[in-house]
Amino acid sequence: MEKTRSQMLAIPADGREIENPGLLEKRLREAADFQVESMEPEENGIQIRIACGKEIFSVEIYPTDFGIPELYRCQHFFPDLDIEAIQKVQYGLAVEMEFGENALASYHLQLKLIHAMLPDALAVIDDSSEKILSGRWVSLAAESKVPPAPRYLYTAQAVAGEEKDACVWLHTHGLNRCGRPELEVLDSNKENYQEHYNVLETLANRMLEDEEIPEFGSPYFMAYMAEGIPLVVTLIDWEEAVELYEPEMLGGKNDRKEGHNKDTCVVFVYPSQESAEKREFYPLDIYDKYMKENPVFLISVEETARMRAQAVERISYLFDAFENKDNHLLVKLGLQVDEEHKTQDNDREHIWFEVLEVSGNRFRAKLTQEPYYIKDLHEGFVGEYGPEDVTDWLIYTPGGRISPDDVYRLSI
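Residues numbered from 1 in each chain as written. Predicted model: local features only at pLDDT ≥ 70, side-chain atom pairs only at ≥ 80, totals over all residues. Heavy atoms only, no water.

Undergrad: So what's going on with helix H9 (residues 301–313)? Which residues, and what values?
TA: With 13 residues, H9 should cover 18 Å at 1.5 Å per step; its first-to-last C-alpha distance of 18 Å lies within 8% of that length. Every buried residue of H9 is accounted for by Glu-303, Arg-306, Gln-310 and Ala-311. The buried residues of H9 occupy one face: seen down the axis, they fall within an arc of 130°. Lining the buried residues of H9 we find helix H3 (103–117), helix H5 (193–209), helix H10 (315–321) and strand S20 (390–397). (Helix = DSSP H or I, 4+ residues; strand = E, 2+ residues; numbered from the N terminus. Expected span 1.5 Å × (residues − 1). Buried < 20%, exposed > 50% of the residue type's maximum accessible area, 1.4 Å probe, protein only. Arc of directions from axis to C-beta. Contact = heavy atoms within 4.5 Å.)

See the structure below:
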């Protein structure tokens, strides 16, 4: 399939900035994370060639008026002052580009381009994923060496009818720009759609990391559910899938006339090896009772490493938050497991501790749970640790929970 262009719209704090192409060019050329190869003015904007790593990216920027579509997801918290300022802005700066080999790195680059040109942007509307991003978050992400979580590349929407027993149509936006088909679940329901959503999100993340796109109809192992039952999914092209349902159903054939009719597929399951061999697939709802019992969706080695890198890079926010005694701090530490539990791919158990004391970049913490694979370590144990042990952390403030991803909220 062909990639679509990634489309974002930056909303400036000062509308005069986007009326000054010379200022935008100067800021781009002074940026440290990429190099401007060329800039060519066009009728309505500027065509730019950007070098980043070993790749060259073609980027188009142009001013445009905007409105925020009703169904777009507001991904972040916006204080009232920011909302009022956004409502007064009439024009934004559109930034379009085609992603390179690594979709997550390309997304990160697009944020860096926006931040370089408009460092005080109020918000960014990601049209490709139908998300609204906080300008404060964009600044934090752009200045980081660690890319954002893969879930920022797409949005999974749940569309439901008004009746209590109406079906729910789950579908993604944003995967096409990554060279991946959009994903759907048809004929879900209001009682179980959250479990189906978890499958959709986990599958999207896995597809973004895998070099090969699963072939339509081929089995794809996802997780183990209750009672050790494997969850094996398969992708079926939307045109074949909708033939299994009534045309007027939400997400059915009648809903495909103006959209969701290209490079999208529906997720089904194979309950057995025999069904996979015969290509007899079934809807996700055959596993509803098992998926409510916390199936184990494994996080990849790559994503674990990304999360750890982000947590360590931003650990100063955690230490600063300790100064406020109204905050409650937790850290997840990756500790060596016992020899008999070590594998070639993993030798650490990731477990949560409560922070008791901070001194410089060292801290004392108390274990909050019983480990599975470290027999001499028990709940309540207190030890001293440092950033080298940290894989994640959380700050519980009187106003809510803060993670490494959304520490921008501490500045509000």
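Past the structure itself, the notes keep going.
Undergrad: Tell me about the environment of Asp-210, residues and numbers included.
TA: Turning to its location among the elements, Asp-210 is positioned in the loop between H5 and strand S12 (220–224). Beyond its immediate sequence surroundings of up to four residues, Asp-210 is in contact with Arg-180 and Tyr-220.

Undergrad: Help me get a handle on the pattern of salt bridges, residues and values and all.
TA: In total, this model carries 20 salt bridges according to the counting rule given. Here Asp-82 ties to Arg-136 by a salt bridge, and the two come within 3.2 Å at their closest N and O atoms. One end of the pair, Asp-82, is in helix H2 (residues 80–88); the other, Arg-136, is in helix H4 (residues 135–142), and 54 residues separate them in sequence. A residue is classified by how much of its surface remains accessible, and Asp-82, at 12% relative accessible area, is buried. Salt bridges linked by common partners bring Arg-362, Glu-384 and Glu-388 together as one network. (Salt bridge = Lys/Arg side-chain N within 4 Å of Asp/Glu carboxyl O.)

Undergrad: Which residues make up the sheet that holds strand S4 (residues 55–65), and what values go with them?
TA: Pairing in this open sheet of eight strands is mixed, and the strands run S2-S3-S4-S6-S1-S7-S8-S5 from one edge to the other. Of all strands in the sheet, those with a lone pairing partner are strand S2 (35–41) and strand S5 (73–74), marking the two edges. Of the strand pairs in this sheet, strand S3 (residues 46–52) and S4 are connected by seven bridges, and their pairing is antiparallel. For Ile-46, the partnering residue across the bridge sits in S4 and is Ile-61. Seen against the sheet, H3 touches strand S1 (6–11), S3, S4, strand S6 (91–97), strand S7 (123–126) and strand S8 (131–134) and runs at an angle of roughly 145° to S6. (Pairing = 2+ DSSP bridges. Axes fitted to C-alpha atoms, helices over the stretch in contact; angles between N-to-C directions.)

Undergrad: An account of the layout of surface pockets is needed here, citing residue identities and associated values.
TA: As a volume, the second largest pocket reaches approximately 470 Å³. Looking at the second largest pocket, it is lined by 21 residues, and the ones nearest its centre are Asn-102, Ala-103, Leu-104, Leu-208 and Glu-209. Where the lining of the second largest pocket is concerned, the elements lending two or more residues are H3, H5 and H9. Per-class residue counts for the lining of the second largest pocket are nine nonpolar, three polar and nine charged. (1 Å grid on protein atoms, 1.4 Å probe; cavity = no way out; pocket = protein on both sides within 12 Å on 5 of 7 lines; lining within 4 Å. Points joined across faces, edges and corners; volume = space filled by probe spheres on them. Nonpolar A, V, L, I, M, F, W, Y, C, P; charged D, E, K, R; others polar.)

Undergrad: Give me the pairing of strand S19 (residues 382–385): which residues, what numbers.
TA: Of the two faces of S19, the one holding Gly-383 and Tyr-385 is buried and the one holding Val-382 and Glu-384 is not buried anywhere. Relative to S19, strand S18 (residues 362–367) runs antiparallel, the two being bridged by four bridges. Each residue of the ladder has a partner; that of Ala-365, found in S19, is Gly-383.

Undergrad: Describe the packing of helix H1 (residues 21–30) against H3, with residues and values.
TA: Look at H1 against H3: their axes get within 8 Å of each other, and the N-to-C directions meet at 125°. When the interaxial angle is binned, H1 and H3 end up oblique. Along this stretch, H1 crosses H3, giving a crossing that reads as right-handed. The segment H1 lies against H3, with Leu-24, Arg-27 and Leu-28 engaging Leu-113, Ala-116 and Met-117. (Parallel < 35°, antiparallel > 145°, perpendicular 65-115°, else oblique. Left-handed = near helix turned anticlockwise from the far one by under 90°.)

Undergrad: Describe the pairing of strand S9 (residues 155–160), listing the residues and the values that go with them.
TA: A regular strand places its side chains so that they alternate between the two faces of the sheet. With six bridges joining them, S9 and strand S10 (residues 167–173) adopt antiparallel strand pairing. What sits directly across from Val-159, in S10, is Trp-169. Joining the antiparallel neighbours S9 and S10 is a turn of six residues.

Undergrad: Talk me through the packing of H3 against H4; I want residue IDs and the actual numbers.
TA: The geometry of H3 relative to H4 is characterised by a closest axis approach of 9 Å and an angle of 115° between their N-to-C directions. In terms of orientation, H3 and H4 fall into the roughly perpendicular class. Two packed elements cross with a definite hand, and for H3 against H4 that hand is left-handed. Across from Tyr-107, His-108, Leu-111, Lys-112 and His-115 in H3, the residues of H4 making contact are Trp-137, Val-138, Ser-139, Ala-141 and Ala-142. Residues belonging to the contact of H3 with H4 are distributed by class as follows: six nonpolar, three polar and one charged.

Undergrad: How would you explain unusual backbone geometry if you had to name every residue and give the values?
TA: For Asp-187, which is not glycine, the phi dihedral falls at a positive 55°. Residue position: Asp-187 is located in strand S11 (residues 182–189). By relative accessible area, Asp-187 is classed as partly exposed at 33%. Positive phi, close to 65°, is recorded for Glu-227, a residue that is not glycine. Structurally, the position occupied by Glu-227 is in the loop between S12 and strand S13 (230–237). What makes Glu-227 exposed here is its relative accessible area of 71%.

Undergrad: Which residues make up the packing of aromatic side chains, and what values do they have?
TA: Under the defined criterion, the tally for this structure stands at eight aromatic pairs. Judged by centre distance (4.3 Å) and plane angle (25°), the rings of Trp-137 and Tyr-152 are stacked. Here the residue Trp-137 occupies a position in helix H4, and Tyr-152 occupies one in the loop between H4 and S9, the gap between them amounting to 15 residues. No difference in accessibility class separates Trp-137 from Tyr-152, as the two residues are buried. (Phe/Tyr/Trp six-rings, centres within 6.5 Å; stacked < 30°, edge-to-face > 60°.)

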